[in-house]
Amino acid sequence: MNTVSVIVPVYSKEWLNECLESIKTQDYKDIEIIVESDPSKTGPAAARNRGLEKASGEYVLFCDSDDYLEPGAIDLLVRSIEGVDMVCGSFRKFGAFDQVVTHPTEVLGLDQVAEYVMGNLKNPRTNQMFSGCWAKLFRRELIGTFPDLTTAEDVAFNYDYLSRANNVRFISNIVY
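Parameters at a glance
Residues numbered from 1 in each chain as written. Predicted model: local features only at pLDDT ≥ 70, side-chain atom pairs only at ≥ 80, totals over all residues. Heavy atoms only, no water. Helix = DSSP H or I, 4+ residues; strand = E, 2+ residues; numbered from the N terminus. Rg over C-alpha atoms; globule rule 2.2 N^0.38 Å. Buried < 20%, exposed > 50% of the residue type's maximum accessible area, 1.4 Å probe, protein only. Pairing = 2+ DSSP bridges. Contact = heavy atoms within 4.5 Å. Right-handed = clockwise from strand over helix to strand, strands pointing away.

1. Considering the overall build of the chain
On a plain count of helices and strands, the chain comes out with five helices and eight strands. Ordered by position from N to C terminus, the α and β elements of the chain give β-α-β-α-β-α-β-β-β-α-β-α-β. Taking 176 residues into account, the globule formula puts the C-alpha radius of gyration at 16 Å, and the chain, at 15 Å, falls close to it. Along the longest, intermediate and shortest principal axes, the C-alpha atoms of the chain span 40 × 35 × 30 Å. Relative to its full complement of 176 residues, the chain shows a buried share of 50%.

2. Section: the pairing of strand β7 (residues 136-139)
Side chains of β7 alternate between two faces, with Lys136 and Phe138 and Leu137 and Arg139 buried alike. The pairing of strand β3 (residues 59-62) with β7 spans two bridges and is antiparallel. For Val60, the partnering residue across the bridge sits in β7 and is Phe138. Alignment of strand β4 (residues 86-93) against β7, held across three bridges, turns out to be antiparallel. Directly across from Met86, in β7, lies its bridge partner Phe138.

3. Examining helix α5 (residues 153-162)
For α5, the buried fraction is high: seven of the ten residues fall into the buried class. Residues of α5 that are buried include every one of Glu153, Asp154, Val155, Phe157, Asn158, Tyr161 and Leu162, and no others. Packed against the buried residues of α5 are α2 (45-54), β3, β4, α4 (110-122), β7 and β8 (167-174).

4. Here's the deal with helix α3 (residues 73-80)
With respect to burial, α3 is a largely interior element, six of its eight residues being buried. Taken together, the buried positions of α3 are Ala73, Ile74, Leu76, Leu77, Val78 and Ser80. For α3, the secondary structure elements touched by its buried residues are β1 (4-10), β2 (31-37), β3, β4, β7 and β8.

5. A closer look at the pairing of β2
Direction of pairing for β1 relative to β2: parallel, over a ladder of seven bridges. Bridge pairing in β2 places Pro9 opposite Glu36. As for the winding sense of the linkage, the β-α-β connection from β1 through helix α1 (residues 16-24) to β2 is right-handed.

6. Notes on the environment of Cys63
With respect to the helices and strands, the residue Cys63 is situated in the loop between β3 and α3. Since its relative accessible area comes to 0%, Cys63 is described here as buried. A sequence separation of 55 residues divides Cys63 from Val8, and the C-alpha atoms of the two residues are 5.2 Å apart. Residues in contact with Cys63, not counting those within four places in the same chain, are Val6, Ile7, Val8, Pro9, Cys19, Ile23, Tyr68, Leu69 and Tyr176.

Encoded structure:
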C-alpha cells in the first residue's frame, strides 16, 4: 500500500475536528496527516509548503481545515491514479448556494487539459475542476511549491504541476 500524505493548513479551528475525523475514518489506512498552522492573512500557501517539506508519502492530498473528505475518498483516488499523473475528484461547494463541480470519468491528455483550462479562463463559472488544490491526488515526485500569492495560489500550483504531468484522470465521484 502506498502512503498518502494529507496536508491540512489550519487558519480557523472552527471545523478542524470534523475535517480531521473525515481523514482518520477513511478506508485507506496508509495515511500520513500533516497539520500546519496558517496564522497569516496571506492565505494557506506557506502552511501547505511547510507540509510539503514534511510529506513522505508517494502521493499528496490537500484538505482545508474547514472542509472534509467523503467516506472512501482516499481509496478511490489512489485506485484511480494508476497510469496517470493526477486525479481530480468531483466536489461540493457550500455557502450561499450548493453546487457540485463534476466532470465525467475520463483520462485527459495535455491537449485536452489545456482546452479544459482555457474554457475556465474564458468563463470562470465553467470547467472548475482545477479551481482548488483539494479533491485531487498528486504524485509527490512531480510537486513543486505554492507561490506566495494571497488568492488563487492553488490554481497557480495546479497549473505548475500540470507542466510536469502527462495526463489527468477526472472522476465523477464526489470526494470532497
